[in-house]
Amino acid sequence: MKQEIKTISQNEMGIFVNKLIQNDHYEVVGVKSKGERFVFDELEDANELRLDYDVTILPPKKYFLPQYEKLMDFDLKKNFDVKTKFDNKPRIIIGVHPYDIVALTQTDRVYLDDQKDDFYKKRRENTIIIGIDIQKVSERSFSASLGTHITDTGFDLMLTNLGNKYAITIGSQKGKLLLNQNASTDEATDDEIKKIAKIHIELPSKYKKKLKVTDENELSSLLVANYENALWEERSDRCLECSSCTMVCPTCYCYDVKDEVSLNLEDGTRLRTWDGCLLRDFTKVGSGEVFRDEIKDRYRHRFFRKGNYLTQRYGFIACVGCGRCSTACLPDIADPCDVINELHSFGGKGNKDKFFLKQQIDFLEKGTIHVPRKATITRIEKLTDSETLYEIELDDKKPLGHKPGQFVELSLFGIGEAPFGISTGPSQNSKFELVVRKVGNLTSKLATLKVGDSVGIRGPLGNGFDVKSLEGKHLLFVSGGTGIIPMRSLIEYCLDKKNRDKFKYIKILYGAKRPCEVLFQKEINEWEKCLDVSCRLTVDTCSGGECWVGSVGLITTLFPKLKVERIDPKNTIAIVIGPPVMYKFVIKCLQTLGVPEKNILVSLERRMKCGVGKCGHCQINGIYVCREGPVFNYADIKGLPEAFE
Amino acid sequence: MKKPRVAFFDFASCEGCQLQIADLEEEILDLINIVDVVSFREVMKEHSDDYDIAIIEGSIMRPIDEGRLKEIRENAKILVALGACATIGGINKIRNQWTPSEVKKEVYGNYNLKGNDFFDVFQTKAVDEVVKVDYNIHGCPINRDEFKKVITSIAMGKNPEIPNYPVCVECKKNENICLFELGKFCLGPITRAGCNSICPTNGSPCDGCRGILKKPEVECINDILERYNLDYEEMKRRCNIYNYGKEVCK
Ligand code: SF4
Ligand code: SF4
Ligand code: SF4
Ligand code: FES
């Protein structure tokens with residue numbers, strides 16, 4: 001496509017910028033100096049602009065995903081009062097380098113996907129980007145190797161310094177209009193257009209750093225081949241776990257969400273803030289478990305995200321070579337160029353999509369992401385010392401519309417949000433049940449609520465069970481501990497009179513720690529009465545005085561009995577849900593029984609924060625548990641090293 | 001809901017952290033709306049031993065302090081350590097490089113202090129070296145916003161979230177020029193965040209007043225010292241200001 005190109009004298013350029021600054025409609029930001037470095041900041045005069053800069057400390061992502069962003073305000077005096085905050089300020093950003101423009105278009109793919117982020121979208125729509133071709137290459141940059149040193153899309157206007165004047169390439173109608181209304185320009189001559197091309201062609205020679213692998217497929221496969229390479233540990237031994245490398249990165253966009261309440265305990269804000277995958281708490285769940293506990297694994301994760309996980313998902317290398325991370329990392333171990341070149345020296349070809357799973361997703365959250373719907377607690381029942389059942393109804397009285405195995409995010413303003421597997425089967429009833437174990441802030445607070453109190457609900461989220469694929473099969477349910485909670489949604493579905501004929505015999509194995517921790521005993525008694533249903537329970541330990549008729553021992557002790565009963569393994573689907581440690585052992589038992597891998601379904605727990613594939617917390621290698629899961633076919637994910645550690 | 005009763009106590013400290021709270025100005029009214037302050041020497045004369053939350057400022061330096069602190073712990077449902085002297089021992093721990101008798105000799109010469117409990121000192125301890133601490137409000141001085149966060153959390157019945165990540169996270173969000181680039185040794189990478197990187201933002205390196213999170217590997221320290229042409233002794237001196245006796249500082 002031929003782009004329209006204008007020119008403007010240096011002097012006219014200053015007038016143009018000042019005109020924009022004086023226009024109250026816009027907030028005008030541009031590159032300014034800060035000591036020896038550069039930053040994007042609000043402009044008061046065109047003279048402050050430093051279009052000759054090398055790189056800014058932070059990328060312009062701060063204008064689209066601010067460091068601290070108010071998502072909504074709430075009023076705790078009222079039962080459920082929440083107001084979403086959108087930033088509608090029209091903004092012009094002047095002086096964005098091509099690599100940062102490319103980074104933004106990459107972030108668009110994530111934030112404007114099928115579950116788009118309206119907070120981001122509004123900012124994106126309200127911002128005009130005036131780019132500038134790189135005049136001084138930053139010491140640590142390798143963007144030319146990735147082809148992100150120039151770009152012909154993603155901007156409204158793009159400046160190129162031709163010495164005595166700037167060339168302005170028009171990238172959008174918005175940009176054209178802005179220029180026409182505020183500047184006097186000339187048409188670029190053929191010579192000037194040639195000059196731009198020459199600048200673009202000569203730019204790569206100014207780079208000191210060069211990547212040895214630049215093809216995304218080659219990089220993806222090289223990373224997979226070197227997943228276990230000793231380099232990860234050798235380098236990460238020196239890591240400070242500061243996550244500076246992700247904070248300054250234009251393509252890192254993971255975040256945390258927190259509630260803040262003012263000292264009057266009345267009003268508060270739900271805040272989104274940058275988070276980093278190098279920080280240990282990044283994968284920590286309510287029960288205290290950390291899923292990427294070793295720094296080696298977190299360090300490696302960042303590179304895999306850049307060169308494999310996101311690459312397989314979106315098709316691009318999620319690093320634009322700006323070099324900011326290399327500058328920011330004090331022990332100088334974060335430089336992707338160094339790491340990739342070192343990997344190149346080892347070589348190797350791996351199966352590039354080994355860590356990724358293409359999967360249709362069930363549910364796309366409607367409405368604005370992160371904004372919960374109002375719901376009311378309609379019944380509370382204490383099940384055990386630590387577990388309580390909450391029956392909840394959405395205030396619009398509509399059924400939740402979930403599939404078995406899906407989850408919701410339950411929100412208490414002022415405290416926060418946490419994910420819970422839905423415990424009841426799908427139904428036309430507007431009520432559904434969650435069973436909550438008291439482990440953290442949210443669940444402790446929940447314990448103080450009464451029937452009639454309001455909560456916020458987001459969802460249903462995630463991929464549930466594909467019930468069609470279970471039809472005509474024998475079903476073997478294996479659950480440990482709280483795994484029975486989401487499991488119940490599928491069991492109820494299968495035992496529903498409408499559906500029972502679709503399945504053959506149903507066997508339920510359930511293990512709890514102690515008799516007093518057994519959940520749903522009443523329901524289990526009912527299930528057992530159904531035709532062709534058997535339930536076997538076991539407890540890890542049973543102290544004297546406790547009345548218990550089931551087995552004693554780990555869940556695996558129930559399997560030999562199945563053998564005696566001669567099940568038909570090839571036509572059995574096993575559904576396994578339990579604590580992380582359980583899977584390895586149960587899957588072994590299933591394999592001994594002869595159940596094929598592709599007949600094993602599991603549901604995994606990770607830190608689900610956004611629930612819509614953005615915040616990055618729930619990742620298992622290249623997959624998002626909140627999006628592609630939590631229900632998975634074992635055969636699909638057994639190759640993921642982070643799945644069943 | 002009954003308002004929790006709060007009492008402030010001071011041990012070896014400059015009382016600057018309590019002053020930070022006294023300085024809340026109008027917000028102090030919000031504070032007394034959500035809690036009953038029953039003892040606070042900085043702003044009131046009355047005192048009561050009937051409290052739910054004890055807020056302790058200062059380090060523990062003497063046997064008589066230890067006894068008093070244990071009593072407070074017995075009385076309180078929740079005990080909060082306030083400020084670096086209480087949470088990590090802070091600058092009071094610098095004294096630990098000498099024995100108690102050396103210290104006494106240095107300060108009081110040959111003056112006879114035998115039998116006087118007030119002068120009977122041992123090596124400085126942080127509060128959690130004597131009793132169980134439920135929550136720490138770090139810093140020298142504390143960050144008022146964090147104090148508010150902890151108090152509102154307790155009043156709402158939730159555990160306050162104190163960052164487990166280093167100051168660099170906040171410093172990066174504040175878009176500061178890293179002080180290493182300016183030739184200064186900063187403890188931000190290994191110090192607990194929560195101060196909103198106030199020192200680096202204002203051009204002074206982090207001194208580690210919120211406590212050290214991690215002991216970096218020797219290779220890492222050496223690489224950094226070499227890359228930025230910094231001095232090992234300077235690093236050690238800086239580490240010892242608030243964290244004397246911590247392994248990373250030895
Ligand atoms: S910036 Fe360097 S030291 Fe800090 S987390 Fe990243 S790799 Fe580790
Ligand atoms: S990984 Fe480093 S070089 Fe690549 S885009 Fe991020 S900050 Fe820039
Ligand atoms: S100035 Fe200190 S806190 Fe800030 S990034 Fe540098 S080392 Fe970290
Ligand atoms: S990406 Fe946020 S929870 Fe999955």
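Coordinates for the structure precede this section.
Residues numbered from 1 in each chain as written. Chains lettered and ligands numbered in written order. Predicted model: local features only at pLDDT ≥ 70, side-chain atom pairs only at ≥ 80, totals over all residues. Heavy atoms only, no water.

> Would you mind showing me how to read unusual backbone geometry here?
One can expect most non-glycine residues to show negative phi and most peptide bonds to be in trans. Gly629 of chain A connects to Pro630 of chain A through a cis peptide bond whose omega is 5 degrees. Of note, Pro630 of chain A is situated in the loop between strand S26 (623-624) and strand S27 (631-633). In this structure, Pro141 of chain B follows Cys140 of chain B across a cis peptide bond, with omega equal to -5 degrees. A positive phi angle, close to 80 degrees, is found at His370 of chain A, a residue other than glycine. Along the chain, the position of His370 of chain A falls in the loop between helix H12 (336-346) and strand S13 (373-382). A residue is classified by how much of its surface remains accessible, and His370 of chain A, at 1% relative accessible area, is buried. Non-glycine residue Glu175 of chain B carries a positive phi angle of around 55 degrees. With respect to the element layout, Glu175 of chain B can be found in the loop between helix H7 (167-173) and helix H8 (198-201). (Helix = DSSP H or I, 4+ residues; strand = E, 2+ residues; numbered from the N terminus. Buried < 20%, exposed > 50% of the residue type's maximum accessible area, 1.4 Å probe, protein only.)

> Would you mind going over the interface of chain B and chain A with me for this structure?
The extent of an interface is frequently quoted as the accessible surface area lost upon association of the parts. Contacts between chain B and chain A engage 41 residues on the former and 46 residues on the latter. For chain B, the biggest contributors to the area lost against chain A are Met156, Lys173 and Glu175 of chain B; these three give 22% of the whole. Our count for the contact surface shared by chain B and chain A stands at five salt bridges. Summed over the shared surface of chain B and chain A, the number is 17 residue pairs in polar contact (both at pLDDT 80 or more). (Contact = heavy atoms within 4.5 Å. Buried area = accessible area lost by both parts, 1.4 Å probe. Salt bridge = Lys/Arg side-chain N within 4 Å of Asp/Glu carboxyl O. Polar contact = N/O pair within 3.5 Å; in protein donor to acceptor, adjacent residues only side chain to side chain.)

> What am I meant to see in the site of ligand 2 here?
Residue and element names in this part refer to chain A. Around ligand 2 lies a shell of 13 residues, among which Cys249, Cys319, Cys322, Gly323 and Cys325 are the nearest. For the shell around ligand 2, the secondary-structure elements that each account for two or more residues are helix H10 (295-314) and helix H11 (324-328). Of the residues in the shell around ligand 2, the class split is eight nonpolar, two polar and three charged. (Near = heavy atom within 4 Å. Nonpolar A, V, L, I, M, F, W, Y, C, P; charged D, E, K, R; others polar.)

> In this structure, what is going on with the pattern of salt bridges? I would like to understand it.
Working definition: two side chains of opposite charge can pair if their charged atoms are close together. Residues and elements named next belong to chain A. Under the counting rule described, the total for this entry stands at 81 salt bridges over all chains. In this structure, the salt-bridge partner of Arg627 is Asp114, at a minimum N-O distance of 3.0 Å. Of this pair, Arg627 sits in the loop between S26 and S27 while Asp114 sits in the loop between helix H2 (98-111) and helix H3 (118-125), and the two are 513 residues apart along the sequence. What you see here is one network of salt bridges that share partners, running through Arg379, Glu381, Glu391, Glu433, Arg488, Glu492, Lys522 and Glu523.

> Just to check I follow, could you spell out the sheet that holds strand S12 (residues 267-274) of chain A for this structure?
Pairing between the strands of a sheet comes from backbone hydrogen bonds, and it takes one of two forms, parallel or antiparallel. Residues and elements named next belong to chain A. Taking strand neighbours across the sheet as the criterion, the four strands line up as S5-S4-S12-S11 in an open arrangement whose pairing is antiparallel. Of all the strands in the sheet, just strand S5 (82-84) and strand S11 (255-261) have a single pairing partner and so form its edges. In this sheet, adjacent strand axes meet at a mean angle of 25 degrees when their direction is disregarded. Relative to S12, S11 is paired through seven bridges, and the arrangement is antiparallel. From the neighbouring strand, Asp259 faces S12, where its bridge partner is Arg270. (Pairing = 2+ DSSP bridges. Axes fitted to C-alpha atoms, helices over the stretch in contact; angles between N-to-C directions.)

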